[in-house]
Structures are given as structure tokens and as C-alpha cells.
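Read off the chains here:
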Amino acid sequence: MKIINARLRHKSELHTLTIENGVFTDIQEQGERLPAGDGQLDAQGKLLCAPFVEPHIHLDAALTAGEPNWNQSGTLFEGIERWSERKPMLTEQDVRQRVNQTVELLIQNGVQHIRTHVDITDPSLVGLRTLCAMRDELKEQVDIQVVAFPQEGMLSYPRGLALLEEALKIGADVIGGIPHFEYTREMGETSMKKVIELAIQYDRLVDVHCDEIDDPNSRFLEVLAAEALAHGIGPRVTASHTTAMGSYDNAYCSKLFRLLKRSGINFISCPTESLHLQGRFDSYPKRRGLTRVKELNEAGINVCLAQDSICDPWYSLGNGKLLRTLDFGLHICHMMGYRDFSHSLDLITDNGAKTLKMEERYGIAVGKPGNFILLDGTDDYSVLRNQGEVLMSVRHGRTLMQRTPSHVVMSTEAQNSLCEDAA
Ligand code: FE2
């Protein structure tokens, strides 16, 4: 496959790229725009970038909103209750059908790399078994990492720890946790020590739903980071949500950031989900309920954005579009300067790849897998501002999807009227 007239991020020249046997073998600057030749893909000056990364989603729960009951209060905790009513209805066929639909939606929107949490507080482990099987079946289309996630508590749910270990033996890639939902602070702390212990024992990554609450006293992040630092595995560890950090006082945060930087752990924020679920116990002023994305980013700590849910008991909207998540995230986190805009795609591409520990096989460079997306725009800013559609997604040199952009035709009358007003 040869692609001409492609624009790359942070480069002014157009480029020609060659993919052979599924790998980028040549990338050259062009002096001028080239005419399309036979068998060549003409990018027409559009932005070619590495595929989007969805680092935090719950595929096992996707598309279940309202089954059997809707989350009426909008709180995280009612979401967990509604999900516990849906869980007994899970079957392999049910999970497969919804995961296929959701993965298709993600692929259509430029995602090729997914980390999904799967609830293992279910004695049948049907979701976990099904996702592990589908991870292997779908690998030509998408990379999937499966997190063994103890939704109802690693230590508070009956046999939670045993189920977690069983999930690791079945093949989960990542160990999850939910310390703020354990019955006591002590149990939450113990669970954080346990995830690090298991990560070393089973040689797995870690991704914890950590401090997903507005409580400024929820401080399990410091335990997770300190354990990761002590065992030298920080880059393999991720703290998701950490919304309590939005309520920490600045003096504590100043001290905390020193530990976070030293530990090298990664962060994932889910802006649409957290804005919706958090602040629910406030009257006014209402908290935004997000972690300190801007400050983490400026401190050089790796942080990326994710959707979390698509139409599930916690969040009944969602459409697979990470550009929508990015748009929300930049607004909510006050990341609206030009420098923020011009590097904004990092939050849903490179930073996500780093979190998933797949940097070595990610990016547009000779020797890397021939994976890319073509976006309707010329740089980060224009794609963000116009919510540029994903025009094409290519994996190992093979096309996964193509989209024809919508074409708008103005009436002559309207056009003439606008011209007159402009004159
Ligand atoms: Fe989540």
C-alpha cells in the first residue's frame, strides 16, 4: 500500500508512506502535491495519524442501559445497583452480541486499541471468559486488553479475591481494583497492596478504578503509587478516574504530585462519565468531579482520556467517538489554550498507547505496524474544532473502514443573501 499527499502531525510537508507486509517500510517528505497514480491512496492533504486508543471502557456492560431498570439518580452507586440486577441475565451469546456491536462502533470511529474492564464479581465469570475468547478472535481487527475488575469489591464481595485470581488464570491481561467501594478504608488499602502483589506474581499490568468519588478523604491513590514505586513497576500501573483529586486541597496535592512523578504511574480520566456521575451530592456550587488532568499533564505525568461507558447503567449516552470525549475533556479541564489544542490528540493516541504499554508497536514510523487513521482535517486543532470524521482506518496495511464525508449543498437564495450581507 502506498499513500501519497498525507499530512502528519506537527509536520508542515506532505508525505508519502509505504506499507509492505503489514509494516511501514518507507516514509518520505514530498516537495509538492503529487497526482494520484494507479493503486495509490491519495490522502488529499488530510491528517494521517496513529489509530485512536480507547484505554478504559466496559464492553461487558455496554448497551444494557435500562435493562431491567434505568439509573434514575445518576449516581455511580445506583449504577452499580442497576448493574447487579442485569448481571444475572448475562449469557455468552448476550455478551458476544453487545461486544460485537460496540467494537464495530469503535472501529468505525478510528479505534484500534481497547482496554476493557470486565466485572469478575460474578461466580460464573461468563463476561470474563467471553471477552478473553473474543480478544483472541478479533485480533486482526482490534487489540483488546482485558482487565479483571472486581466491580463489587475485591475484599467486600464474597470470594472476590479468589474470583480475581481465577480470572488471571483464565487469561486476563490486567488486574483491577475499586478501593473506594470496599467496606472500610483498611480493606481499600489492603486491596491496593494486593493488586501490586498479584501483578508481580502473575506478571500482569494494573489498572485500578481509584478514588472515583467526590470524597476529599478518599486517598487510595497514594497507597497505589507508593506500592508501585516501592516495587519499581510504576509504568505498568494505571490509576483510572481519581476524581477525588478534584476535591483534594492544594497543599496535599503538592505533596502527592511528588510521589506520583517518582512512581511513573499512568492516569486515565473519563470526562463525560465523571462530569455526569460526580457532583451528585452537591447542591451549589457543583463540583466538576474530574481529576486534575491539566496539572498532571503539565507535570509530565502520563494522562489519557477514555469513554468508560457506551449506553450502560452508569451512562446512557455514548457513541464511540473519542473526539467527543476529547472535546468535553478540554472544556471541563480548562485546557483551551492554543498549545493544548495543538497537542490535543496526544490524549487519545500516544498517551493511551503508553498507558497500555504498547508504545513500541504504536505510531507512524518505519518498522512499526502499518496501522493508521485518516482524519477530516489538517492538524490537531482543525480536527478538534470541526470534530473531523474518521475517513479511513487501516490495520497492518488492510482497510478496516472507509467513510464518505457528508456533503452540504446551500440553496442559491441563501448563498446570495449571505454574499449580500458580507458585501
Ligand atoms: Fe470504569
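Residues numbered from 1 in each chain as written. Predicted model: local features only at pLDDT ≥ 70, side-chain atom pairs only at ≥ 80, totals over all residues. Heavy atoms only, no water.

A. Fine view of the nonpolar core. Counting 93 residues, the largest nonpolar core has F52, M245, L260 and F267 as its most contacted members. Two domains each provide a minimum of three residues to this core, namely domain 1 (2–50 + 364–402) and domain 2 (52–358). Ranked by size, the runner-up nonpolar core spans 13 residues in total, among them A6, F24, L48 and L374. (Core = buried A, V, L, I, M, F, W, Y, C linked by side-chain atoms within 4.5 Å. Buried < 20%, exposed > 50% of the residue type's maximum accessible area, 1.4 Å probe, protein only. Domains from an automatic or database assignment.)

B. Region of interest: the coordination of the iron ion. The protein atoms that coordinate the iron ion are H56 (NE2), H58 (NE2), H209 (NE2) and D308 (OD), at distances spanning 2.2 to 2.4 Å. Written as a sequence motif, the donor residues of the iron ion are H-x1-H-x150-H-x98-D. Here H56, found in strand β6 (residues 52–57), pairs with H209, found in strand β10 (residues 205–210); they are 153 residues apart in sequence, far enough to count as distant. For H56, a relative accessible area of 0% puts it in the buried group. (Donors = N, O, S within 2.8 Å, 3.2 Å for Na, K, Ca; no water. Helix = DSSP H or I, 4+ residues; strand = E, 2+ residues; numbered from the N terminus.)

C. The environment of L259, seen in detail. Within the element layout of this structure, L259 appears in helix α7 (residues 250–263). Here the alpha-carbon distance between L259 and Y248, two residues 11 residues apart in the chain, equals 15 Å. Beyond its immediate stretch of four places on either side in the chain, L259 contacts E222, A225, A226 and L229. (Contact = heavy atoms within 4.5 Å.)

D. Molecular detail of the packing of helix α3 (residues 126–137) against helix α4 (residues 160–170). Where α3 meets α4, the axes come as close as 10 Å, and the angle between the chain directions of the two elements is 20°. Relative to α4, α3 is oriented roughly parallel. Considering how the two elements wind past one another, α3 and α4 form a crossing that is right-handed. Residues L128, R129 and C132 of α3 pack against E166, A167 and I170 of α4. In terms of residue class, the contact of α3 with α4 is built from four nonpolar, no polar and two charged. (Axes fitted to C-alpha atoms, helices over the stretch in contact; angles between N-to-C directions. Parallel < 35°, antiparallel > 145°, perpendicular 65-115°, else oblique. Left-handed = near helix turned anticlockwise from the far one by under 90°. Nonpolar A, V, L, I, M, F, W, Y, C, P; charged D, E, K, R; others polar.)

E. Main features of α3. For α3, with 12 residues, the first-to-last C-alpha span of 16 Å sits near the 16 Å given by 1.5 Å per residue. Here α3 has its buried residues at V126, G127, L128, T130, L131, C132, M134 and R135. Considering only its buried residues, α3 is in contact with α2 (92–108), β7 (111–119), β8 (143–149) and α4. (Expected span 1.5 Å × (residues − 1).)

F. Region of interest: the sheet that holds β7. Pairing within the open sheet is parallel, and its eight strands lie in the order β6-β7-β8-β9-β10-β11-β12-β13. Looking along the sheet, the strands with just one partner apiece sit at the ends: β6 and β13 (303–305). Where strand β11 (residues 237–241) and strand β12 (residues 266–269) come together, three bridges link them in parallel fashion. Within β12, the position partnered with S240 by the bridge is I268. Strands β7 and β8 of the sheet are contacted by α3, whose axis makes an angle of about 160° with β8. (Pairing = 2+ DSSP bridges.)

G. Up close: the domain arrangement of the protein. Here the protein is partitioned into domain 1 (2–50 + 364–402) and domain 2 (52–358). For domain 1 versus domain 2, the separation of C-alpha centres amounts to 31 Å. When domain 1 packs against domain 2, close to 1,900 Å² is buried across both sides, 56% of that on carbon and sulfur atoms. Where domain 1 meets domain 2, there are three salt bridges. With its nearest N and O atoms 2.9 Å apart, the salt bridge here joins R395 to D143. In this structure, the connection of domain 1 to domain 2 is made through 13 residue pairs in polar contact (both at pLDDT 80 or more). The set of elements that each furnish at least two residues to the side of domain 1 that touches domain 2 consists of β14 (372–375), α13 (380–385), β15 (390–395) and β16 (398–402). When the residues that make up the side of domain 1 that touches domain 2 are grouped by side-chain class, the tally is 12 nonpolar, five polar and five charged. (Buried area = accessible area lost by both parts, 1.4 Å probe. Salt bridge = Lys/Arg side-chain N within 4 Å of Asp/Glu carboxyl O. Polar contact = N/O pair within 3.5 Å; in protein donor to acceptor, adjacent residues only side chain to side chain.)

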